[in-house]
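Topology and contacts: notes
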Amino acid sequence: MGKFSVEETATKLFMAGENRFNCSQTTLLTVAKYYGIDNDQLRLITKPFGGGLSRSFKYVCGAVSGGTMALGLLFPEDPAIQGKQLLDYVEEKYGTVFCPKILKLAPNEDPEKDDVVTEQRRKDNCLPIIIDICNWIIEKKGKQL
């Protein structure tokens, strides 16, 4: 097996046609895959956290939610401390942890009615933050579980 690539894994999971995963699922599953954790329950647990929580596109970014779950999995002794550091990192780098701001939605845009969460927005806005959060977590944890 070749070298693990966060970017390739996340892109495949997030952009892969009809069977693709949401931002929360992609983040947790990419980190889990890196550490050799394969559990079908992870896919189900993270599903309602995509799209700013249940596809509301109003609340915390799904990649942040998925990343926080990954921290709970990898840092069982102090996940809240690690989670706060992740929130601070994302806030500092992207200016927000909220889905509509990351997607750059205008106040009048309704993602459910107007289908404004296009493939291009997923690729340009969501995928980079997913990859960044996965890399941040892996760097924080290190290579060994």
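Above this text is the structure in question.
I will try to describe carefully the structure that is included in this document.

We now examine helix α1 (residues 6–15). Of the positions making up α1, those classed as buried are V6, T9, A10, L13 and F14. One side of α1 carries all its buried residues, which in axial view fall inside an arc of 115 degrees. Exposed side chains of α1 directed beyond 90 degrees from the buried face belong to E7, E8 and K12. Contact partners of the buried residues in α1: α2 (23–34) and α8 (119–141).

Following the criterion strictly, the structure yields three aromatic pairs and no others. One aromatic cluster in this structure is built from F4, Y34 and Y35. When the ring centre of F14 is taken as reference, the NZ or CZ atom of R122 above it lies at 3.8 Å. The ring of F75 has K141 sitting right over it, with the charged end atom 4.9 Å from the ring centre.

In this section: the side chain of T27. Looking at the element boundaries, T27 is found in helix α2. Under the relative-accessibility criterion, T27 is labelled buried at 0%. Setting aside chain neighbours within four positions, we find T27 in contact with A63, G66, G67, I130, I133 and C134.

In terms of nonpolar packing, the biggest core is built from 37 residues, with V31, V90, I129, I130, I133 and I137 touching the most fellow members. Listing elements by their share of this core, those giving two or more residues are α1, α2, α4 (62–74), α5 (79–94), α6 (99–102) and α8. Per element, the largest residue contribution to this core is ten residues, and it comes from α8. Beyond its immediate sequence surroundings of up to four residues, V90 is in contact with V64, G95, T96, V97, I129 and I133.

Here we come to the pattern of salt bridges. Scanning the entire structure with this criterion turns up four salt bridges. In the salt-bridge network here, residues are joined through shared partners; they are D38, D40 and R43.

What follows is about unusual backbone geometry. As a rule of thumb, non-glycine residues mostly have phi less than zero, and peptide bonds are mostly trans rather than cis. Unusually for a residue other than glycine, L53 sits at a positive phi of about 85 degrees. With respect to the helices and strands, the residue L53 is situated in the loop between α3 (40–46) and α4. On the accessibility criterion, L53 (37% relative accessible area) is partly exposed. With a phi angle near 60 degrees, K104 is a residue other than glycine that sits in the positive phi range. With respect to the helices and strands, the residue K104 is situated in the loop between α6 and α7 (111–114). A relative accessible area of 61% means that K104 is categorised as exposed.

Cut-offs applied
Residues numbered from 1 in each chain as written. Predicted model: local features only at pLDDT ≥ 70, side-chain atom pairs only at ≥ 80, totals over all residues. Heavy atoms only, no water. Buried < 20%, exposed > 50% of the residue type's maximum accessible area, 1.4 Å probe, protein only. Helix = DSSP H or I, 4+ residues; strand = E, 2+ residues; numbered from the N terminus. Arc of directions from axis to C-beta. Contact = heavy atoms within 4.5 Å. Phe/Tyr/Trp six-rings, centres within 6.5 Å; stacked < 30°, edge-to-face > 60°. Lys NZ or Arg CZ within 6 Å of the ring centre and 35° of its normal. Core = buried A, V, L, I, M, F, W, Y, C linked by side-chain atoms within 4.5 Å. Salt bridge = Lys/Arg side-chain N within 4 Å of Asp/Glu carboxyl O.

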